[in-house]
Amino acid sequence: MEKIRDIVSLKEFDPVIDLSWAGEVSEQERLLENYVMTEDLSKMFVDILESITLVRSEGRRKEKNSDINPHDTLRAHVLTGSYGSGKSYFLLMLDIILEQKNEVIISNLLNKFEKFPELKYQIEKIRDMGKYFLVRINGDMENEKSFKDIIINNTLERMEEELETVQIKSIYKKYQEAFKNMYNKNKENVDRILNSKNLEAYDIIAELNNYKRSGIEKAEEIIEEVTGFLPRIETEDLKTFFMDAQGEIEKKGYREFVYIFDEFSAYINSSIELKRINTDLGQVQTLAQQSKKNPDTKLSFILSTHLDMKSTLEKKVNFSQEELGKVWGRFNTSHNLKFDQGDELIKNVIKVDKEKLYSVPDNIKEQMVYINETFSEKIEEVYPIHPASLKYLRLI
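Residues numbered from 1 in each chain as written. Predicted model: local features only at pLDDT ≥ 70, side-chain atom pairs only at ≥ 80, totals over all residues. Heavy atoms only, no water.

A closer look at the overall build of the protein
Along the backbone of the protein there are 22 helices and seven strands. Overall, the protein is about 95 × 50 × 45 Å in size when its C-alpha atoms are taken along their principal axes. Within the protein, the proportion of its 396 residues that are buried is 47%. Approximately 20800 Å² of the protein is accessible, and the part contributed by carbon and sulfur atoms is 46%. (Helix = DSSP H or I, 4+ residues; strand = E, 2+ residues; numbered from the N terminus. Buried < 20%, exposed > 50% of the residue type's maximum accessible area, 1.4 Å probe, protein only. Areas by Shrake-Rupley, 256 points an atom, 1.4 Å probe, with all protein chains shown as cover.)

Right, dumping it as structure tokens:
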């Protein structure tokens, strides 16, 4: 008689997902192949993608009793779910769908989601309408930076990776150039001042290169001491930055920016601890506001949290209900990844050799037939779990 290990095998899956994996085509293909799509997940994808493409299928128009209204549609989204619910993987798939790196990926997407016609419709529209410029951010890895710095610096880094030339310069790049120019003209004097402060020129340049505010402070101090005045370098505001950056990517054939910010709750908790939260939330509100359809800036913003961030902020931040409402009122907060599709997940993850499964004595086969007639799930779909066990697993 066959053993369970001979009958059942598991499909490959990734227990931990990192957004940076979306940068490699080979990784995109592997992640796409292993993704387990459910009906509820496909609807969530369609809801978000509709807000980005601003196109709705005829079937969805009938279902919703309306077409998309570009000026009323929220294009900033909060994806909420507990640890392990699949938020990062969801965001990775969203990235792959929107970026559509090559024809192979597009073909794989259409084949993968053949059974989800509304999602397939959105994938085809993205293919036909033009590509999006994806900016991926992991809040847990960048929690020491201000929100504005994170957005601007990650945008410029991605533009430098994807575009041949980038005209826009970050404030860090401007300070780096000013410091280098001053150093080259006054090397002996600068070295003397640096030595007196136990500093090194290359350390300051490295800090500026790594987008650290301490680099700006040190560069300003040295420049002022050497030249007698502070450099006149204006700080970027997000709205102006988005307008300038949008112009650059449009020249290269991109439609607009899509910002995907994973681990946002980790970032916000750090912002609270570092007493930066008021400024950061103001910039979050600015970005969400810019995502509303308007002729000057074109972008969408999707973030993930494992907490109800509004409740968390109400408890920890000195913000009024009205002020918090202004921030979160600009987001669609209805996307909640719940682990209530366990039985469907089991069906998609477990591979059962049906021929071996049913090569059993007649008395056992009769029991299997009874089970298949009694329960909605068939043995070959969930084996080695008994279909009756799923009733209890759904409650856990």
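Next comes the rest of the description.
A closer look at the packing of helix α9 (residues 171–185) against helix α10 (residues 187–196)
At a closest axis distance of 5 Å, the pairing of α9 and α10 adopts a crossing angle of 110 degrees. One way to sum up the angle between α9 and α10 is to call them roughly perpendicular. On α10, the residues that touch Met182, Tyr183, Asn184 and Lys185 of α9 are Lys187, Val190, Asp191 and Leu194. Class assignment of the residues belonging to the contact of α9 with α10 gives a composition of four nonpolar, one polar and three charged. (Axes fitted to C-alpha atoms, helices over the stretch in contact; angles between N-to-C directions. Parallel < 35°, antiparallel > 145°, perpendicular 65-115°, else oblique. Contact = heavy atoms within 4.5 Å. Nonpolar A, V, L, I, M, F, W, Y, C, P; charged D, E, K, R; others polar.)

Some words on the side chain of glutamate 142
With respect to the helices and strands, glutamate 142 occurs in the loop between β3 (133–138) and α8 (147–162). Among the residues examined, glutamate 142 registers a relative accessible area of 13% and is labelled buried. Separated by 3.0 Å, the side chains of glutamate 142 and asparagine 154 make a polar contact. Look past the residues within four positions of glutamate 142 in its chain and what remains in contact with it is Ile137, Ile150, Asn154 and Tyr267. (Polar contact = N/O pair within 3.5 Å; in protein donor to acceptor, adjacent residues only side chain to side chain.)

Digging into the sheet that holds strand β6 (residues 332–337)
Taken in spatial order, the five strands of this open sheet run β3-β4-β5-β2-β6, and their pairing is parallel. Lying at the two open borders of the sheet, with one neighbouring strand each, are β3 and β6. Between one strand axis and the next, the sheet turns through 20 degrees on average, direction left out of account. Helix α3 (residues 39–53) contacts β2 (76–81), β4 (257–262), β5 (299–305) and β6 of the sheet and is inclined by roughly 155 degrees relative to β6. Contacts between helix α13 (residues 238–251) and the sheet are confined to β3, β4 and β5, with β4 contributing the most and set at about 115 degrees to the helix. (Pairing = 2+ DSSP bridges.)

Quick notes on the confidence of the model for the protein
Overall, the predicted model of the protein reaches an average pLDDT of 85, with 90% of residues at or above 70. Considering each helix and strand of the protein separately, the mean pLDDT is smallest for helix α18 (residues 342–349), with a value of 59, and largest for β4, with 96. (pLDDT = per-residue confidence, 0-100.)

As for the pairing of β3
With five of six residues buried, β3 lies mostly within the body of the structure. Alignment of β3 against β4, held across six bridges, turns out to be parallel. The residue of β4 that forms the bridge with isoleucine 137 is phenylalanine 261.

Some words on the pairing of β4
Along any regular strand the residues' side chains alternate between the sheet's two faces. Of all six residues making up β4, six are buried, and the element is well covered by its neighbours. Residues Phe257, Tyr259 and Phe261 of β4 are buried on one face, and the alternating residues Val258, Ile260 and Asp262, pointing to the opposite face, are buried as well. The pairing of β4 with β5 spans five bridges and is classified as parallel. In the strand pairing of β5, phenylalanine 257 is matched with leucine 299.

Focus on unusual backbone geometry
Phi is positive for leucine 54, which is not a glycine, with a value near 60 degrees. When its relative accessible area of 17% is taken as the criterion, leucine 54 is described as buried. Not every positive phi belongs to a glycine, and asparagine 198 is a case in point at roughly 60 degrees. Residue position: asparagine 198 is located in the loop between α10 and α11 (201–209).

Considering the packing of aromatic side chains
Within this structure, the stated rule accounts for 18 aromatic pairs. Taking 6.4 Å as the distance between ring centres and 15 degrees as the angle between the ring planes, the aromatic pair formed by phenylalanine 179 and tyrosine 183 counts as stacked. One end of the pair, phenylalanine 179, and the other, tyrosine 183, are both in helix α9, four residues apart, so they sit about a helical turn from each other. Members of the aromatic cluster, joined through ring pairs, are Phe147, Phe261, Phe264, Tyr267, Phe301, Trp328 and Phe331. Here the basic side chain of arginine 158 rests over the ring of phenylalanine 133, its NZ or CZ set 5.4 Å away from the ring centre. (Phe/Tyr/Trp six-rings, centres within 6.5 Å; stacked < 30°, edge-to-face > 60°. Lys NZ or Arg CZ within 6 Å of the ring centre and 35° of its normal.)

Topic: the environment of phenylalanine 229
Residue position: phenylalanine 229 is located in the loop between α12 (213–227) and α13. A relative accessible area of 52% means that phenylalanine 229 is categorised as exposed. Setting aside residues up to four positions removed in sequence, phenylalanine 229 forms contacts with Ile223 and Glu224.

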